[in-house]
Number of protein chains: 2
Amino acid sequence: MSAAPHIVVLSGGVGGARFTRGLLHHLHAAYPDGVGGTAARMTVIANTGDDAWVAGVRVCPDLDSITYTLAGISDDERGWGRRDESERVSAELAAYGVGWPWFTLGDLDLGTCIARAAWLREGVGLGEITRRITDRWGVDIQLLPATEHEAETLVRLDDDTEIHFEEWWVRYRAKRPALAFRQENIDEATPAPGVLDAIANADTIIIAPSNPVVSIGTITGFSGPGGSVPGIPGIRDAVLASSAAVVGVAPIIGGAAVRGMAEACLAPLGVETSAAAVARAHGSRLSGGLLDAWLVDDADAASAGDTGVPTRARPLWFTSVDETAAIAADALELAESVRR
Amino acid sequence: MSAAPHIVVLSGGVGGARFTRGLLHHLHAAYPDGVGGTAARMTVIANTGDDAWVAGVRVCPDLDSITYTLAGISDDERGWGRRDESERVSAELAAYGVGWPWFTLGDLDLGTCIARAAWLREGVGLGEITRRITDRWGVDIQLLPATEHEAETLVRLDDDTEIHFEEWWVRYRAKRPALAFRQENIDEATPAPGVLDAIANADTIIIAPSNPVVSIGTITGFSGPGGSVPGIPGIRDAVLASSAAVVGVAPIIGGAAVRGMAEACLAPLGVETSAAAVARAHGSRLSGGLLDAWLVDDADAASAGDTGVPTRARPLWFTSVDETAAIAADALELAESVRR
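Small disclaimer: the values here were computed from a predicted structure and weren't measured.

Draft legend 1. Up close: the packing of aromatic side chains. By the definition in use, this model includes 17 aromatic pairs over all chains. Seen in terms of ring centroids, A:W100 and A:W102 are 4.7 Å apart; in terms of plane orientation they differ by 15°. Their pairing is stacked. When its relative accessible area of 23% is taken as the criterion, A:W100 is described as partly exposed. Arranged with centres 5.1 Å apart and planes meeting at 25°, the rings of B:F165 and B:W169 form a pair that is stacked. Note that B:F165 and B:W169 are positioned in helix α7 (residues 165–171) at a spacing of four residues, about one turn of the helix.

Draft legend 2. Fine view of the relation of the copies chain A and chain B. By a simple turn and slide, chain A fits onto chain B: the slide is 0.0 Å along the axis, the RMSD is 0.0 Å, and the turn is 180°. Given the turn and translation reported, the copies of this chain are related as if by a two-fold rotation axis. Most of the interface of chain A is mirrored in chain B: 100% of its interface residues are interface residues there too.

Draft legend 3. Looking closely at the sheet that holds strand β6 (residues 153–157) of chain B. All names here are of chain B. The strand order across the open sheet built from three strands is β7-β6-β8, with neighbouring strands paired in antiparallel fashion. Of all strands in the sheet, those with a lone pairing partner are β7 (162–164) and β8 (178–183), marking the two edges. Across the sheet, the axes of successive neighbouring strands diverge by a mean angle of 30°, strand direction being ignored. Bridge count for β6 against β7 is three bridges, and the pairing is antiparallel. Looking at the pairing, V155 lines up with I163 of β7.

Draft legend 4. Looking closely at helix α13 (residues 321–338) of chain A. Residue and element names in this part refer to chain A. For α13, which comprises 18 residues, the first-to-last C-alpha distance of 26 Å matches the rise-based estimate of 26 Å (1.5 Å per residue) to within 8%. Every buried residue belonging to α13 is among T324, A325, I327, A328, A329, A331, L332, L334, A335 and V338, and all of these are buried. In this fold, the buried residues of α13 make contact with β1 (7–11), α1 (14–30), β9 (204–207), β12 (245–249), β15 (293–296) and β16 (311–313).

Draft legend 5. Representation of the packing of helix α1 (residues 14–30) of chain B against helix α3 (residues 61–71) of chain B within the structure. Residue and element names in this part refer to chain B. The N-to-C vectors of α1 and α3 enclose an angle of 35°; their axes lie 8 Å apart at closest approach. Classified by chirality, the crossing of α3 by α1 is right-handed. Contacts between α1 and α3 involve V14, A17, R18, T20, R21 and L24 from the former and S65, I66, T69 and L70 from the latter. Classifying every residue of the contact of α1 with α3 gives five nonpolar, three polar and two charged.

Draft legend 6. Broad picture of the pattern of salt bridges. All names here are of chain A. According to the stated counting rule, one finds 42 salt bridges over all chains in the structure shown. Salt-bridge contacts for R116 lead to D64; the nearest nitrogen and oxygen are separated by 2.7 Å. Highlighted residues: R116 in helix α5 (residues 107–121) and D64 in helix α3 (residues 61–71), separated in sequence by 52 residues. Of the two residues examined, R116 and D64, each falls in the buried class. Between D160 and R156 there is a salt bridge whose closest N-O contact spans 3.1 Å.

Each value, and the rule that gives it
Residues numbered from 1 in each chain as written. Chains lettered and ligands numbered in written order. Predicted model: local features only at pLDDT ≥ 70, side-chain atom pairs only at ≥ 80, totals over all residues. Heavy atoms only, no water. Phe/Tyr/Trp six-rings, centres within 6.5 Å; stacked < 30°, edge-to-face > 60°. Buried < 20%, exposed > 50% of the residue type's maximum accessible area, 1.4 Å probe, protein only. Helix = DSSP H or I, 4+ residues; strand = E, 2+ residues; numbered from the N terminus. Least-squares fit on C-alpha atoms with pLDDT ≥ 70 in both. Contact = heavy atoms within 4.5 Å. Pairing = 2+ DSSP bridges. Axes fitted to C-alpha atoms, helices over the stretch in contact; angles between N-to-C directions. Expected span 1.5 Å × (residues − 1). Left-handed = near helix turned anticlockwise from the far one by under 90°. Nonpolar A, V, L, I, M, F, W, Y, C, P; charged D, E, K, R; others polar. Salt bridge = Lys/Arg side-chain N within 4 Å of Asp/Glu carboxyl O.

And the structure:
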């Protein structure tokens, strides 16, 4: 049996977390001798644009969604946070008028956010903090923040105010039209320790089926005719320079976002909400874009012809962990088929 | 009916909080028309030497004990914190190795500490923060921290290390012999806004039956032949300059501390654990000390003769709120009897 390839996944929160769980499930089955060493063979680079200081604690929704999902402690029914949650502290904070009243942190989740804030104030980097958190939960992959800088995503509204991404997403459910997205302090941001190495040493890079603008674009950059997000400086170039096969898994099925509210994010950039339009925006590596290949749902097979990116179709609904593992396996196989 | 006198109480945590509840109970009964204005007539100045940053949140045990007790939400059986508590967040922090594993904050209590830390980081003073917290709970007295500076009490041990008071008190239950107490940054500390005014305008000042060294001494200063704590600069002088009658309620009954571990605090200063010895250490105002009068338990009546402080005896056990109110009423009457 051959050694497991080194796989790097670029991921947002919930959708990416579930994809990652399926991929890990597949790898454990495909490389049973490699389970102990899976950490060295699988790296997830997570979006940190959603991160926020709330009531003095540091919230990193995507990093924690991935950790909780891989650790088997996520609340899959609700779609975020930990199972068996309670919200006693958040109720107190709301009564004191501290924090965001529309942003409820569960007590268990808050434990993670308090620990992270305490470590950050001690000067520990977010990468090392993430290692401590995944270690506690026995998560045997390498989970890296895209950056240790606070490059949070801001949303410009049609009244020309700018609000934190979480406010737009959670408070307004992305119903207030966005004019543009901005990554705060992005010029000073650099990839977190390990990110460029992981990309340089990857055999396969998978773009998880996460929001292409505010989850993936904030890592790699994403442009449309109407606007763009720059991504973390250096990451896109590293992916372009990598010898890895880069496969994207479409986050849109038949014009609907699988999870989240993709259309509200794509429209301001002038990108249609379709798998093909997202592939075109990512671009083919043959013409300076990101993608060597693109995995879409059967529903989008017909419209995949004109993207310039080799595309394969299969059902993409995450109906179970086994089915998600099969999707991940197909993504890996697709990567093999296009490997240069 | 005459207007309620303006009463200032100097207080530590649990014992002082219960005394304060009894006093407020008495005042509400004695001055029924004055209930709405009780806030203007009763000020509690609380010790802040026990305060600590724990996992990035600000813990103020004495301030919160007083608030919770007056609000009727304290856990009187356990003796600290809030009723109906849970410790879900603390369990998470312990699992992450963040904070003090021997110092468990309840979830509801943590809500207060997170709110306070968030406000402090916004630059709000501890006095205003305390007002916000008491306001939430409808506590109709003025509760002031002795200082807004972080003048935390440190304990020097016989191995010449120095630890935070909370570590000595909670982790070691004061079982490790203390050589001395120190108030950190005490030279820079000043009384919190309102403290000197409250003292200057007081009709009666009551020293609550709190630990004379680490709860009262850290406010007013306290000296014995073996050592001293300086108190918050300015507060002792203000009490000495006040025209108020100053009455102390003995925290020792028959040689045993009513609550807490007074002996472990008095011994390093060379002060015997008795009501009379504490009165002598406070000193009579006639000879430059703090006390105009001293209220002791019947068990200590016989030994009260040689303190130089006018002393009255009555049962001092807080067997109920009504009984505590009667003790407080006697303290006020004692103040009237010695008023100059």
